[in-house]
Amino acid sequence: MNPNLKQIEHWNGPFGQFWASRHEINEFRLANVHEALMAFAAPQPGSHVLDIGCGCGWTTLGLAEAVAPGKAVGLDVSAPMLETARLNANAEKLDVDFIEADASIYPFTPEFDLVFSRFGVMFFAHPVEAFANIRRAVRPGGRLAFVCWRAFAENPWTYVPFEAGRELCPPQPLQEPHAPGQFAFADGDRVRDILARAGFRNIRIERGDVPINLGADLDEAAAASLGTGTLSRAAADLDEATRQKIRDRVRAALAPYATPDGVSPPGSCWLVGAEA
Ligand SMILES: C[S@@+](CC[C@H](N)C(=O)[O-])C[C@H]1O[C@@H](n2cnc3c(N)ncnc32)[C@H](O)[C@@H]1O
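Figured I'd write up the structure that's included with this text. (Residues numbered from 1 in each chain as written. Predicted model: local features only at pLDDT ≥ 70, side-chain atom pairs only at ≥ 80, totals over all residues. Heavy atoms only, no water.)

## Brief notes about the pattern of salt bridges
Basically, it comes down to this: A carboxyl oxygen of Asp or Glu within 4 Å of a side-chain nitrogen of Lys or Arg is what we treat as a salt bridge. Labels follow the DSSP assignment, with helices taken as runs of H or I lasting at least four residues and strands as runs of E lasting at least two, numbered in each case from the N terminus. Per-residue accessibility, obtained with a 1.4 Å probe over protein chains only, is compared with the maximum for each type, and a residue is labelled buried under 20%, exposed over 50%, and partly exposed between these values.
Tallied over the entire structure, the rule returns 14 salt bridges. With a closest N to O distance of 2.8 Å, Arg 249 and Glu 167 form a salt bridge. In this pair, Arg 249 is assigned in helix α12 (residues 240-254) and Glu 167 in the loop between α8 (156-165) and α9 (188-197), connecting sequence segments 82 residues apart. With relative accessibility at 65%, the residue Glu 167 sits in the exposed group. Asp 209 is paired through a salt bridge with Arg 207; the nearest N and O atoms lie 3.0 Å apart. Linked through salt bridges whose partners overlap, the residues forming this network are Lys 71, Asp 95 and Asp 97.

## Focus: the packing of aromatic side chains
We count it as follows: Only Phe, Tyr and Trp rings take part, Trp by its six-membered ring, and two of them pair if their centres are within 6.5 Å. Stacked means planes under 30 degrees apart, edge-to-face means over 60, and tilted covers everything else. Comment: the charge-over-ring label is applied if NZ (Lys) or CZ (Arg) is within 6 Å of the ring centre and within 35 degrees of the ring normal.
Counted by the stated rule, this structure contains 14 aromatic pairs. A centroid spacing of 4.9 Å and a plane angle of 40° characterise the contact between Trp 149 and Trp 157, whose relative ring orientation is tilted. Both residues of the pair, Trp 149 and Trp 157, belong to the buried class. Relative to Phe 162, the ring of Phe 152 lies with its centre 5.7 Å away and its plane at 70°, an arrangement referred to as edge-to-face. Taken together, the residues span a long stretch of sequence, with Phe 152 in the loop between β5 (138-149) and α8 and Phe 162 in helix α8 at a distance of 10 residues. The side chain of Arg 150 reaches across the aromatic face of Trp 270, ending 4.7 Å from its centre.

## Some thoughts on empty space enclosed by the protein
Stated precisely, the cut-off is as follows: Throughout, the protein atoms alone are placed on a 1 Å grid, and a set of points is a cavity if a 1.4 Å probe fits but cannot get out or a pocket if it is open with protein on both sides within 12 Å along at least five of seven lines; lining residues have an atom within 4 Å of a point. Grid points are joined across faces, edges and corners, and a volume is the space filled by probe spheres set on the points. When residues are sorted by character, Ala, Val, Leu, Ile, Met, Phe, Trp, Tyr, Cys and Pro go into the nonpolar class, Asp, Glu, Lys and Arg into the charged class, and all the rest, Gly among them, into the polar class.
A complete count under the given rule lists 2 cavities of 30 Å³ or more for this structure. In this model, the largest cavity occupies a volume close to 60 Å³. What lines the largest cavity is simply Arg 29, Trp 157, Thr 158, Pro 161, Phe 162, Leu 214, Ser 225, Thr 228, Gly 229, Thr 230 and Leu 231. Of all the elements in the fold, those that place two or more residues in the lining of the largest cavity are α8 and α11 (230-234). Here the lining of the largest cavity is built from residues that sort into 5 nonpolar, 5 polar and 1 charged.

## A look at α12
Each α-helix turn comprises 3.6 residues. Residues three or four places apart therefore point the same way. Keep this limit in mind: A helix is expected to span 1.5 Å multiplied by its residue count minus one. Think of it as the arc spanned by the lines of direction from the helix axis to the C-beta atoms. Contacts were defined at the residue level, with two residues in contact if any of their heavy atoms lie within 4.5 Å.
Taking 1.5 Å of rise per residue, 15 residues should cover 21 Å, and α12 covers 20 Å from first to last C-alpha, within 8% of that figure. Residues of α12 that are buried: Thr 242, Arg 243, Ile 246, Arg 247, Val 250 and Leu 254. The buried residues of α12 occupy an angular sector of 145° when the element is viewed end-on, so they sit on one face. Exposed side chains of α12 directed beyond 90 degrees from the buried face belong to Ala 241, Lys 245 and Ala 252. Residues of α12 that are buried sit in contact with α8, α10 (218-227), α11, β7 (258-259) and β8 (262-263).

## Digging into the side chain of Ser 268
To be explicit about the condition: In protein, a polar contact means a hydrogen-donor-capable atom and an acceptor-capable atom, both N or O and within 3.5 Å, with residues adjacent in sequence counting only if both atoms are side-chain atoms; elsewhere, any N or O pair within 3.5 Å suffices.
Here Ser 268 lies in strand β9 (residues 266-275). When its relative accessible area of 2% is taken as the criterion, Ser 268 is described as buried. At 2.8 Å, the side chain of Ser 268 and the side chain of Arg 150 are in polar contact. Side chain to side chain, Ser 268 and Asp 209 meet in a polar contact 2.6 Å long. In this structure, Ser 268 is in contact with Trp 149, Arg 150, Glu 154, Asn 155, Arg 207, Gly 208 and Asp 209, ignoring residues within four places of it in sequence.

## Brief notes about helix α6 (residues 79-92)
Under the 1.5 Å per step criterion, the end-to-end length of α6 is 20 Å for 14 residues, consistent within 8% with the ideal 20 Å. For α6, the set of buried residues is Pro 80, Met 81, Leu 82, Thr 84, Ala 85, Asn 88 and Ala 89. Packed against the buried residues of α6 are α1 (5-12), α2 (14-21), α3 (23-29), α5 (58-67), β2 (71-76) and β3 (97-100). The N-capping residue of α6, defined by a side-chain oxygen 3.3 Å from the backbone nitrogen of Met 81, is Ser 78. Lys 93 sits one or two positions beyond α6 and adopts a positive phi of about 55°.

## Comments concerning the site of the ligand
For the record, the criterion: For each residue, the test is whether any non-hydrogen atom lies within 4 Å of the molecule or strand; if one does, the residue is near. Note that accessible areas follow from Shrake-Rupley with a 1.4 Å probe, and for residues the cover is restricted to the protein chains shown.
Taken together, 19 residues form the shell around the ligand, and within it Gly 53, Asp 76, Asp 102, Ala 103 and Arg 118 come nearest. In the environment of the ligand, a nitrogen atom lies 2.9 Å from a nitrogen or oxygen atom belonging to the side chain of Asp 102. The backbone of Ala 103 places a nitrogen or oxygen atom 3.0 Å from a nitrogen atom of the ligand. For the ligand, the accessible surface in isolation is 590 Å², of which the surrounding protein chains cover 96%.

Geometric values such as these leave the question of function open.
Below you can see the structure in the form of structure tokens.
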């Protein structure tokens, strides 16, 4: 049995559909991360790029524009998110390919100058084996560049809303820190070790601190915090009256981060680069 089955089901179930339905909001939220990752990855015109865990395809489309007349390919396990990605590509009239597959076992050939990912590589049950397989996609002299989150406590954009609502939520099970998921790569030394054991060299890990825009105003930001992320999972089964109390608390907790351009608490990531 595929060890990633639980994650594959997760990204094909209601969560994947929810994510697909909110792809524009998500893109707005991650705009600063995207800019930092594109500067770090530096995709070159004429090159062939693979976007792992491409989700709804916005990163793949950005890559396609950056590498033209080269080509970008997106790969993901989530059928609903890939469906949105294909619609987005058609709307933008961009020639990109999308593949529905598990990156940890897909039979890659060494054809890509750059393998790229924005938050799409923290979900493998066996990360060393998965990255050894991904390395097969990189042509000799090619590169890997991705972004992953640093620790939960280093990310006020998700930590602050969670702390504001925690008291009203049922007790949350302790997370195994390395379990596949959003914060699985929070330990930069572990990421370095995984990549080295997978055969990558010249590994470069830089801290990237960027504001995460949760919404235009506090109402939007509180709703977004209850829509996706750690608080939304904790509050999923609560009645509307309790959710409203949480929304009020989150609104107050996020007030210090309100700016004329939106509610933007700090976020913190690792920008990771390597050669195959
Ligand atoms: C946090 S989302 C990021 C999506 C997109 N890169 C973005 O930044 O909006 C993680 C993505 O990784 C995908 N994913 C999870 N496990 C995967 C696997 N084994 N192979 C390929 N994609 C995977 C999920 O389906 C999901 O689209």
